[in-house]
Amino acid sequence: TWSAVPAGPPDPILGVTEAFKADKDPRKINLGVGAYRDGNGKPYVLESVQKAEKLLTISKPDKEYLPITGLADFTKRAALLAYGADSVPLNQGAVAVTQSISGTGALRIGGAFLARHYPHSKVIYLPVPSWGNHTPIFRDSGLEVRGYRYFDKKTVGLDFEGLKADLRAAPEQSIVLLHACAHNPTGVDPTQVQWAEISDIVKERKLFPFFDMAYQGFASGDTARDAFAVRHFVAEGHQIALAQSFAKNMGLYGERVGAFSLVTADAAEKARVDSQMKIVIRPMYSNPPIHGALVANAILGDTALYDQWESEVKGMADRIISMREKLYGMLTHDLKTPGEWGHIKSQIGMFSFTGLNPAQTKVLAEKAHVYMTADGRISMAGLNANNIEYFATSVDAAVKG
Ligand code: LMR
């Protein structure tokens, strides 16, 4: 029956983890997947999460099905975290929000909703490059995927002129995907002034802005600052779509906690959108898992836990920044590795887009047991005091050939 099914390629990101697991060398390092590791290279369960789980053990919540759109207290608080207490549409009851299977699920609900109900276009523009899963998510949702210029290889920075030209050239009312902060994979974000210009172009061209915010808090350590673009667009009157993930900022990766929201015109429109969100979700997975949403809700709903969580997010962001400085110092000063490495310090969030080419990343995996995605992206969180020197020396050897 399945003789005609061709073998598919491994996933560009999760496939790296598979290769890493199969490697038996004790020096091996996995800088592929974007998952935080502590200073000892171990997965990190936040203390605020552990406390929330203890509270849940005491209160013993049942295991009933959640409603189709998830835990209402959680989605309300997730929206508040993203949009802010001053958000006009939020305060008017005009934001339709549903719990999702983390960020991927939020993007997929959004893609499916837009494919079915957005009346003006079936075309979505993604930055080039973008997270490897964006294209399959939106393509499988029924949208046509196109690209807009984003990253300039020459400056290892934002191609702002290219971005503006491509958004201006996009057909009116097309959908445009924007990374709210900590752009994945490049670590290059627009400045606040540039965001304001992007907002103007989106308005001029009547584009539909769809934000992916997978790293709120992870970019700067400040959840409000990282939500700048989202809040600016909403304040400017854009009716945005928003995908949120609590995988990174709460370390709830495997619990799959996220939210998808749409800003609507008013409470009556919101109610109609809510009803159609349910119709999109029910045949996909009925209703979302409960445990992670209870944990996130406990943190977002309790002042002491919330404060602790914010300081833990900042702690993770700060450790990553310190690794950036260390790596930069080793490559430029200690090893004098050929090339310009300033971007390692200036890039934002979990990743650094190193500029290493596919041949070099292959050599690093095969000879040094150092794993990263083929585009040269490294998860900075995989580095620590014990492995950074080995990593820098391995990169140096790969570059010097
Ligand atoms: C990544 O980009 O590494 C993360 O977002 C994890 C994933 O699912 O790809």
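Residues numbered from 1 in each chain as written. Predicted model: local features only at pLDDT ≥ 70, side-chain atom pairs only at ≥ 80, totals over all residues.

A.B. asks: Can you walk me through the overall build of the protein chain in this structure?
C.D. replies: The helix and strand inventory of the protein chain stands at 16 helices and 13 strands. In terms of overall dimensions, the protein chain is globule-like: its C-alpha atoms have a radius of gyration of 21 Å, near the 21 Å expected for 401 residues. If you line up the protein chain on its principal axes, its C-alpha atoms span 65 × 55 × 55 Å. The buried share of the protein chain, reckoned over its 401 residues, is 48%. (Helix = DSSP H or I, 4+ residues; strand = E, 2+ residues; numbered from the N terminus. Rg over C-alpha atoms; globule rule 2.2 N^0.38 Å. Buried ≥ 20, exposed ≤ 12 C-beta atoms within 10 Å, placed from the backbone.)

A.B. asks: What am I meant to see in the pairing of strand β2 (residues 95–101) here?
C.D. replies: Put simply, side chains in a regular strand alternate between the two faces of the sheet. Of all 7 residues making up β2, 7 are buried, and the element is well covered by its neighbours. Neither face of β2 is exposed, since Val-95, Val-97, Gln-99 and Ile-101 on one face and Ala-96, Thr-98 and Ser-100 on the opposite face are all buried. With 7 bridges joining them, β2 and strand β10 (residues 257–263) adopt antiparallel strand pairing. Each residue of the ladder has a partner; that of Ala-96, found in β10, is Leu-262. (Pairing = 2+ DSSP bridges.)

A.B. asks: Sorry, what's going on with the domain arrangement of the protein chain here?
C.D. replies: Quite often, the size of an interface is put as the accessible area lost when its parts meet. Under the domain assignment used here, the protein chain contains domain 1 (14–45 + 317–400) and domain 2 (65–301). Summarising the inter-unit geometry, the C-alpha centres of domain 1 and domain 2 are found 29 Å apart. Each side of the interface is counted separately: domain 1 has 19 residues, and domain 2 has 18 residues. When contributions to the side of domain 1 that touches domain 2 are tallied by element, the ones reaching two or more residues are α13 (303–334) and β11 (351–353). Broken down by element, the side of domain 1 that touches domain 2 gets its largest block of residues, 3 residues, from β11. Its residues assigned to classes, the side of domain 1 that touches domain 2 comprises 9 nonpolar, 7 polar and 3 charged. (Domains from an automatic or database assignment. Contact = placed C-beta atoms within 7 Å. Nonpolar A, V, L, I, M, F, W, Y, C, P; charged D, E, K, R; others polar.)

A.B. asks: Help me understand helix α10 (residues 228–235) in this model?
C.D. replies: Since the α-helix packs 3.6 residues into each turn, any two residues three or four apart lie on the same face. Three or more residues of α10 are buried, namely Phe-228, Ala-229, Val-230, Phe-233 and Val-234. Just past α10, the residue Gly-237 takes up positive phi, approximately 95°.

A.B. asks: Can you walk me through the pairing of strand β8 (residues 208–213) in this structure?
C.D. replies: In terms of residue burial, β8 counts as a mostly covered element, since 6 of its 6 residues are buried. On β8, burial covers both faces: Phe-208, Phe-210 and Asp-212 on one face and Pro-209, Phe-211 and Met-213 on the other are all buried. Both strand β7 (residues 175–179) and β8 contribute to a ladder of 5 bridges, which runs parallel. Counterpart to Val-176 in the pairing with β8 is Pro-209. Considered for its hand, the β-α-β crossover made up of β7, helix α8 (residues 192–204) and β8 is right-handed. (Right-handed = clockwise from strand over helix to strand, strands pointing away.)

A.B. asks: Honestly, the sheet that holds β8 in this entry has me stumped. Any pointers?
C.D. replies: Sheet strands line up and pair through hydrogen bonds in the backbone, either parallel or antiparallel. Spatially, 7 strands are ordered β2-β10-β9-β8-β7-β3-β4 in an open sheet, and the strand pairing comes out mixed. Each having just a single partner strand, β2 and β4 (144–149) make up the two edges of the open sheet. Each strand axis lies, on average, 25° off the axis of its neighbour in the sheet, ignoring direction. Summarising the sheet, β8 and strand β9 (residues 241–245) pair through 4 bridges and their orientation is parallel. Bridging across to β9, Asp-212 finds its partner in Ala-243. Along the sheet, helix α3 (residues 72–83) makes contact with β2, β8, β9 and β10, crossing β2 at roughly 110°. Against the sheet, helix α7 (residues 160–169) makes contact with β4 and β7, and its axis sits at roughly 140° relative to β4, the strand it touches most. (Axes fitted to C-alpha atoms, helices over the stretch in contact; angles between N-to-C directions.)

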